[in-house]
Amino acid sequence: MQIRTGFGYDVHRLAEGESLILGGVKIEHHKGTIAHSDGDVLLHAISDAILGAAALKDIGTHFPDTDPKYKNADSLDLLKLSYDLVKKKGYRLGNLDATIALQQPKIKPFIDQMCFRIAEALGEPTEKISVKATTTEKLGFVGREEGVEAYASVIIQAI
Ligand SMILES: Nc1ccn([C@@H]2O[C@H](COP(=O)(O)O)[C@@H](O)[C@H]2O)c(=O)n1
Ligand SMILES: C[C@@]1(CO)OP(=O)(O)OP(=O)(O)OC[C@H]1O
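Small disclaimer: the values here were computed from a predicted structure and weren't measured.

1. Brief notes about the site of ligand 2
Here's step 1: Around ligand 2, the surrounding shell holds 14 residues, and the nearest of these are Ala35, His36, Ser37, Asp65 and Tyr70.
Here's step 2: Considering only residue class, the shell around ligand 2 consists of seven nonpolar, five polar and two charged.

In structure tokens form, the structure reads like this:
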């Protein structure tokens, strides 16, 4: 069985009054992400990891942030479309593991819901999906609450 790995990373700036959407879940907070789409940094990292595993470049290539079509786009749709490309190339998700780096708020209460939304968008069981969170102990731009980062790694398998 052919197995391939993929890795994704994304960062978005945080600003007062913007929406904070992570893993398809809206989280009430005084700050949110600045982006062309809905700014779901976690789903962008996961989409890049899935595309990268199949050597299909990245979401910026497939869904450019200069295209008005993707203004305020739901990143669950972009994730689904990314996975459609990977499946078309003959691969299925083995598993995915992701980490969000965010100083505030605590997002642990929303993690299961994020995994559910991701699994639903991919049409895969939740057992294949893992999402974690960390602060950066108040260090760097994440620690200063200027931005949020996400890292994702995946395995895909040839069907
Ligand atoms: N935005 C965040 C950051 C972290 N968590 C959870 O808290 C635990 C402790 O975080 P440290 O950065 O102090 O290690 C971490 O393991 C996460 O479960 C969170 O919910 N939201
Ligand atoms: C998602 C896209 C497309 O709207 O834009 P943004 O929401 O700005 O996100 P980013 O991760 O900077 O780039 C990927 C783009 O394709």
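2. So, unusual backbone geometry
Here's step 1: Cis geometry marks the peptide bond from Gln104 to Pro105, where omega comes out at -5°.
Here's step 2: Within the element layout of this structure, Pro105 appears in the loop between strand E5 (91–101) and helix H4 (111–122).
Here's step 3: Although it is not a glycine, Asn72 sits at a positive phi angle of roughly 60°.
Here's step 4: You will see that Glu145, though not glycine, has its phi angle at about 60°, which is positive.
Here's step 5: Topologically, Glu145 is positioned in the loop between helix H5 (140–143) and strand E7 (147–158).
Here's step 6: Residue Glu145 is classed as partly exposed on the basis of its C-beta count, with 15 C-beta atoms lying within 10 Å.

3. A closer look at the site of ligand 1
Here's step 1: Around ligand 1, the structure places Leu102, Lys106, Ile107, Lys108, Ala133, Thr134 and Thr135.
Here's step 2: Here the shell around ligand 1 is composed, by residue class, of three nonpolar, two polar and two charged.

4. Describing the nonpolar core
Here's step 1: Core analysis: the biggest nonpolar cluster contains 46 residues, and Leu42, Ala45, Ile46, Ala98 and Ala152 have the highest contact counts within it.
Here's step 2: Those elements that provide at least two residues to this core are strand E2 (20–22), helix H1 (41–53), helix H3 (75–88), E5, H4, strand E6 (129–134) and E7.
Here's step 3: Ranked by residue count, the leading element in this core is H1, at nine residues.
Here's step 4: Once you skip the residues sitting within four places of it in the chain, Leu42 turns out to touch Leu22, Gly23, Ala98, Ile100, Met114, Val131 and Ala150.

Definitions and limits used
Residues numbered from 1 in each chain as written. Chains lettered and ligands numbered in written order. Predicted model: local features only at pLDDT ≥ 70, side-chain atom pairs only at ≥ 80, totals over all residues. Near = placed C-beta within 6 Å. Nonpolar A, V, L, I, M, F, W, Y, C, P; charged D, E, K, R; others polar. Helix = DSSP H or I, 4+ residues; strand = E, 2+ residues; numbered from the N terminus. Buried ≥ 20, exposed ≤ 12 C-beta atoms within 10 Å, placed from the backbone. Core = buried A, V, L, I, M, F, W, Y, C linked by C-beta atoms within 7 Å. Contact = placed C-beta atoms within 7 Å.

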